[in-house]
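Chain by chain, the residues:
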Amino acid sequence: MSKQQVNEIFLLRSLACLAIVFLHAITFSKYDSLELPAAMAQLLESGQMLLMFGTPMFIFISEFLLSYSYPNRLPSGFFTKRLKFIALPFLTMALIYALLFAISHYPGDVLRAFLIQSIRNLFFADFHGYFILIIFQFYVMHALFQKLRMERFSPALVMTVSLGITLAYLGLFNFSPPLFNEYYWKRLVPIAFPAWLAYFTAAYYCGRNYAAFKAFCASYKYAAAAVVIGFAGIMLYLNGSGVIEAVHSKRIDVLFYTFGVIILLFYLASRLKRIPTPLLVVSNYSFAIYWIHLGLQVYIMPYLIPVSSPASVFLFIPVAFALGLFGSLGIAWLLNMSGAGIYLIGRTGPSSAKPVRPEMSSPRASWPDTRS
């Protein structure tokens, strides 16, 4: 019997995708290079912080669906399919973004710049595709958890220990000076599995126990809302006071904020009878949007709206968001018309998201879709 679709995931995935596109629209407006009024600069940076749940929630979703779909063992050919439909797009997009970087920043020495940036992208995750390396670590850890039969242990205990490891690791990353070369420290340390272990174990047990997790979200919806509001305030205070100046998702406060957002959104999604069609489209094309949008925002937008004043920043951001979203959808649709699209942006496309009976449901429960 096929498992029922986890309709809540469509909403979480679409909102995570929109948050990332909006976050990058703010980031690549380059507002921090202008002399803006202090209140305006703080508003934009606060907006960035509040959108930081996007990538961690994507990563949570990847393991949640994996655990939900394959709670006991991975199917035959699992890693082969992931190499074909996920690792290969990582390889091609790493090279494409290296080429764009070289052409844009080193027009007089493109080949050398391309080779150097390709190595950085592929081996040090020096571009936004770093999340793929985290997801592949999750694949290995998922297989290991199954082999060790971690379901025998108390989920609360395992998640608590994992949370402690992640907090200690992120504390070292955020508050300690680099223990080795700063470039490698900033690139390699954040993508190692301890930085994401808390997300992995929570997703592992929540996916295995979908009904219980759904009930938990309903029971603790107000607590989750309090966590979201509370840690949003903490993030903004720490950022504004300079205690943690770095604006990224590998912060301790972002960890708790993201968990609150996940629980609250999961509950709200469970109350919907049907996922709105626009959000369903974004969810189905989220992998492609993630890959494509940054190229449009970084390499096309500056020619459309040069940012030279506070007014241009506020014009740049919504246009960059729209271009990143709708431009990515258009390019993804065109790529899917050819056989090569699957190797550039992975499998994307339509699926349903409506209440269905378990015996009639689709087994689609992967992100991105990697079924043969």
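Reading guide: rules and limits
- Residues numbered from 1 in each chain as written.
- Predicted model: local features only at pLDDT ≥ 70, side-chain atom pairs only at ≥ 80, totals over all residues.
- Heavy atoms only, no water.
- Helix = DSSP H or I, 4+ residues; strand = E, 2+ residues; numbered from the N terminus.
- Rg over C-alpha atoms; globule rule 2.2 N^0.38 Å.
- Buried < 20%, exposed > 50% of the residue type's maximum accessible area, 1.4 Å probe, protein only.
- Contact = heavy atoms within 4.5 Å.
- Disulfide = S-S within 2.5 Å.
- Core = buried A, V, L, I, M, F, W, Y, C linked by side-chain atoms within 4.5 Å.
- Expected span 1.5 Å × (residues − 1).
- Patch = residues over 30% accessible without salt bridge, like charges linked within 9 Å, V, L, I, M, F, W, Y side chains within 5 Å.
- Areas by Shrake-Rupley, 256 points an atom, 1.4 Å probe, with all protein chains shown as cover.
- Salt bridge = Lys/Arg side-chain N within 4 Å of Asp/Glu carboxyl O.

### With respect to the overall build of the protein chain
Here is step 1 of the chain: When its secondary structure is counted, the protein chain shows 17 helices and 0 strands.
Here is step 2 of the chain: A globule of 372 residues ought to have a C-alpha radius of gyration of about 21 Å, and the protein chain, at 20 Å, matches this closely.
Here is step 3 of the chain: Here the C-alpha coordinates of the protein chain stretch approximately 60 × 50 × 45 Å along the principal axes.
Here is step 4 of the chain: Here the protein chain, with 372 residues, has 50% of them falling under the buried criterion.
Here is step 5 of the chain: In the protein chain, the proportion of contacts linking residues at least 24 apart, taken out of those at least 6 apart, comes to 82%.

### Things to note about the state of the cysteines
Here is step 1 of the chain: A full pass over the atoms with the stated rule returns 0 disulfides.
Here is step 2 of the chain: As a non-bridged cysteine, Cys206 has Cys217 as the owner of its nearest cysteine sulfur, 7.1 Å distant.

### What to know about the nonpolar core
Here is step 1 of the chain: Formed by 111 residues in total, the largest nonpolar core has its most connected members in Met57, Phe64, Phe266 and Trp291.
Here is step 2 of the chain: Looking at this core, the element that brings in the most residues is helix H1 (residues 7-27), giving 13 residues.

### Topic: helix H16 (residues 310-336)
Here is step 1 of the chain: Look at H16: 39 Å from first C-alpha to last across 27 residues, which is about the 39 Å you get at 1.5 Å a residue.
Here is step 2 of the chain: Buried within H16 are the following residues: Ser312, Val313, Phe316, Ile317, Ala320, Gly324, Leu325, Ser328, Leu329 and Ala332.
Here is step 3 of the chain: Buried residues belonging to H16 abut H1, helix H2 (38-50), helix H13 (277-284), helix H14 (286-299), helix H15 (301-304) and helix H17 (341-345).

### Concerning a nonpolar patch on the surface
Here is step 1 of the chain: On the surface, Leu172, Leu179, Phe180, Tyr184 and Leu188 cluster together into a nonpolar patch covering about 450 Å² of accessible area.
Here is step 2 of the chain: As for its placement among the helices and strands, Phe180 is situated in the loop between helix H7 (155-175) and helix H8 (182-188).

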